[in-house]
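Per-entry structural report
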Amino acid sequence: MSVSGNDFMGRPIVAITGIGIVSPLGRGVEDNWAALAAGRSGIHRIDRFSTDGLRTTISGSVDFMGPEAATSTGLSYVMAEAAGSEAVRMAGLPDDDFAGPLFLAAPPVELEWQHRLGLDRMDGADIEEAGYDRLLQIARHKPDRSIYHLTQCSRISELLADRLGTRGLPITLSTACASGASAIQLGVEAIRRGETERAISIGTDGSITQESLIRFSLLSALSTNNEFPEKASKPFSKDRDGFVMAEGAGALVLESLSAARARGSTILGVIHGCGERADDFHRTRSKPDGSPIIATIKAGLADAGMEPSDIDYINAHGTSTPENDRMEAMGLAAAFGDALASTPISSNKSMIGHTLTAAGAIEAAFSVLSIRHGVLPPTINYENPDPAIPLDTVPNKARSADIAAVLSNSFGFGGQNACLVIGREPRA
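These figures come from a predicted structure and were not determined experimentally. (Residues numbered from 1 in each chain as written. Predicted model: local features only at pLDDT ≥ 70, side-chain atom pairs only at ≥ 80, totals over all residues. Heavy atoms only, no water.)

A count of helical and extended segments in the protein chain gives 13 helices and 15 strands. Scaling as 2.2 N^0.38, a compact globule of 428 residues should have a C-alpha radius of gyration of about 22 Å, and the protein chain matches this with 21 Å. With the C-alpha coordinates of the protein chain rotated into their principal frame, the extents come out at 70 × 50 × 40 Å. A total of 428 residues make up the protein chain; the buried ones form 61% of that total. For the protein chain, long-range pairs separated by at least 24 residues make up 77% of all intrachain contacts whose partners lie at least 6 apart in sequence. Surface exposure of the protein chain reaches about 17000 Å², of which carbon and sulfur atoms provide 51%. Averaging the coordinates of the 38 positive side-chain charges in the protein chain and doing the same for the 52 negative ones gives two points 2 Å apart. (Helix = DSSP H or I, 4+ residues; strand = E, 2+ residues; numbered from the N terminus. Rg over C-alpha atoms; globule rule 2.2 N^0.38 Å. Buried < 20%, exposed > 50% of the residue type's maximum accessible area, 1.4 Å probe, protein only. Contact = heavy atoms within 4.5 Å. Areas by Shrake-Rupley, 256 points an atom, 1.4 Å probe, with all protein chains shown as cover. Lys, Arg positive; Asp, Glu negative; His and termini not counted. Charge placed at Lys NZ, Arg CZ, Asp CG, Glu CD.)

In structure tokens, the structure reads:
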């Protein structure tokens, strides 16, 4: 173990001292881990709104957060607050005076259908035809602060900053499905640069609506296995037919190892490295040769000063879409070489679905728990292996293992890719 608290490049080692989770499996670390280790699915039929006429009628929606969660913005906030306050308390810090910066991954915000229709019915515009120009005219004549807040990109982070007592201007980012991991990377980089001794990184997404389901359906991205919701998400299986949209939040408290030790904090794990690369091939598809994914994985390992053989477990992006699973497997094979055959890889999304903006943060928190409990969560619904993807997917049942280091992958739409290398303890 490093005595100085610096890594092999002389940078402050970044410790994880608190985590928090909300997902379709429940609220809080304890409930989520119990369900994940048991291989229990949180996917269910949608009853939040009518699904008549929709191709997909299932999701991993979070429907237990109370009346404040009536809108996507409201749900995203209350889940982020629950995960963030849990992480801060676990770190042994006051959850109203965190005294460090906030990096928040949040979904893009816009007027939801019910608000658009409500505005459109009002008087105040000389444009008869429905559309954004009409909405803008009405909004100018009859301003509504509540609607303004619902569509303000920074609203969630501002509320969180006040609630948790963070310092400085809170950062809100959205890099598609890599967002949660990107928020963690920003926290790591701030500590490495010496700008702060601690940071909190949160990913949240509560954006399951009729409109969002329709949009993803138009991309042919969602599973239509509506009859058996709990079996719909099946990463790396030959008969996978799309991802299951889900909601949730994940939070990590990050501190310099020296600062965490000085206050006697329990070290849950460390961030050894972060890798990030972009793909300019297509708005939704990966570059056919997988080069950006390969480069991201290699960058994460290089930043950690590690080789593929040092990784004991891969927490896959594993969305259950035909192309994404294939591209991830191809990228890992190219980056890991022969080491991949002996490295177990599983997908949390088989149980919780794809939490989109929050995924990288939730899966990072699950990776920490895997390390601490010495348990590899399973890839459930793995009944029909894809012969083109020969991986040890930890099929259907959790497995005990000695886990010193995890690679957690997040590959997003728009070619936004991020990988985190998370470890049990500092490396000498």
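This part is about the packing of helix H7 (residues 179-192) against helix H13 (residues 359-373). Relative placement of two packed helices is described by the angle separating their axes and the distance separating the axes. Across the interface, H7 lies against H13 with an axial gap of 4 Å and an inter-helix angle of 70°. Taken together, the axes of H7 and H13 are roughly perpendicular relative to one another. Contacts between H7 and H13 involve Gly-180, Ala-181 and Ile-184 on the former and, on the latter, Gly-360, Ala-361 and Ala-364. Grouping the constituent residues of the contact of H7 with H13 by class yields 4 nonpolar, 2 polar and no charged. (Axes fitted to C-alpha atoms, helices over the stretch in contact; angles between N-to-C directions. Parallel < 35°, antiparallel > 145°, perpendicular 65-115°, else oblique. Nonpolar A, V, L, I, M, F, W, Y, C, P; charged D, E, K, R; others polar.)

Following the criterion strictly, the structure yields 19 salt bridges and no others. With its nearest N and O atoms 2.7 Å apart, the salt bridge here joins Glu-247 to Arg-48. Linking Glu-247 in the loop between helix H8 (210-218) and strand E8 (248-256) with Arg-48 in the loop between strand E3 (44-45) and strand E4 (58-59), this pair joins segments that are 199 residues apart in sequence. Judged by relative accessible area, Arg-48 falls into the partly exposed class, the value being 33%. As a salt-bridge pair, Arg-167 and Asp-97 come within 2.6 Å of each other at their nearest N and O atoms. Residue Arg-167 is located in the loop between helix H6 (155-164) and strand E6 (171-173), and its partner Asp-97 is located in the loop between helix H2 (72-90) and strand E5 (102-105); the two are separated by 70 residues in the primary sequence. Taken together, the shared-partner salt bridges in this structure form one network comprising Asp-7, Arg-11, Arg-192 and Asp-303. (Salt bridge = Lys/Arg side-chain N within 4 Å of Asp/Glu carboxyl O.)

Ile-16, Ile-19, Ile-184, Leu-252, Leu-254, Ile-271 and Ile-422 are the most contacted members of the largest nonpolar core, which totals 39 residues. At 7 residues, the largest contribution of residues to this core is made by H13. Not counting residues within four places of it along the chain, the set of residues in contact with Ile-422 comprises Ile-16, Val-270, Ile-271, His-272, Ala-364, Ser-367, Val-368, Ile-371, Ala-404, Ala-405 and Val-406. (Core = buried A, V, L, I, M, F, W, Y, C linked by side-chain atoms within 4.5 Å.)

The next subject is the domain arrangement of the protein chain. Each assigned domain of the protein chain is listed here: domain 1 (14-109 + 152-423) and domain 2 (113-151). Each of domain 1 and domain 2 has a C-alpha centre, and the two are 35 Å apart. (Domains from an automatic or database assignment.)

Along H8, the positions that sit buried rather than exposed are Glu-211, Ser-212, Leu-213, Phe-216 and Ser-217. Phi turns positive one or two residues past the end of H8, at Ser-220, with a value near 55°.

The next subject is the packing of aromatic side chains. A full pass over the atoms with the stated rule returns 1 aromatic pair. Each ring, one from Phe-216 and one from Phe-243, has its centre 5.3 Å from the other, and the planes form 80°; the classification is edge-to-face. Here Phe-216, found in helix H8, pairs with Phe-243, found in the loop between H8 and E8; they are 27 residues apart in sequence, far enough to count as distant. On the accessibility criterion, Phe-243 (4% relative accessible area) is buried. The ring of Phe-98 carries the charged tip of Arg-198 above its face, separated from the ring centre by 5.9 Å. (Phe/Tyr/Trp six-rings, centres within 6.5 Å; stacked < 30°, edge-to-face > 60°. Lys NZ or Arg CZ within 6 Å of the ring centre and 35° of its normal.)

The next point concerns the pairing of E5. Covered by surrounding structure in E5 are Leu-102 and Leu-104 together with Phe-103 and Ala-105, the residues of both alternating faces. Pairing of E5 with strand E7 (residues 198-205) involves 4 bridges; the strand directions are parallel. Within E7, the residue paired with Leu-104 across the bridge is Ile-202. Across 3 bridges, the pairing between E5 and E6 is parallel. (Pairing = 2+ DSSP bridges.)

With that settled, the discussion passes to the pairing of strand E14 (residues 405-412). Most of E14 sits out of view: 8 of its 8 residues are buried. The alternating pattern of E14 places Ala-405, Leu-407, Asn-409 and Phe-411 and Val-406, Ser-408, Ser-410 and Gly-412 on opposite faces, both of which are buried. Of the pairings in the sheet, the one linking strand E10 (residues 313-315) to E14 comprises 3 bridges and is parallel in character. In the sheet register, Asn-315 faces E14, and the bridge partner there is Ser-408.

This part is about the environment of Arg-427. By the secondary structure assignment, Arg-427 is in the segment after strand E15 (416-423). Placed 155 residues apart in sequence, Arg-427 and His-272 show a C-alpha to C-alpha distance of 8.4 Å. Reaching out from Arg-427, the side chain makes a polar contact with the backbone oxygen of Gly-305 at a distance of 3.4 Å. (Polar contact = N/O pair within 3.5 Å; in protein donor to acceptor, adjacent residues only side chain to side chain.)

Close contact between helix H10 (residues 291-304) and helix H11 (residues 322-336) brings their axes to 8 Å; oriented N to C, the two are set at 50°. By the angle class used here, H10 and H11 are oblique. Seen from above, H10 lies across H11 with right-handed handedness. Facing H10, whose interface residues are Ile-293, Ile-294, Ile-297, Lys-298 and Leu-301, H11 presents Met-327, Gly-331, Leu-332, Ala-334, Ala-335 and Phe-336. Across the contact of H10 with H11, the residue classes break down as 9 nonpolar, 1 polar and 1 charged. (Left-handed = near helix turned anticlockwise from the far one by under 90°.)

Tracing the chain through its elements places Thr-355 in the loop between helix H12 (349-352) and H13. Among the residues examined, Thr-355 registers a relative accessible area of 0% and is labelled buried. Leaving out residues up to four positions away in the same chain, Thr-355 has contacts with Asp-205, Ala-246, Glu-247, Gly-248 and Ile-362.

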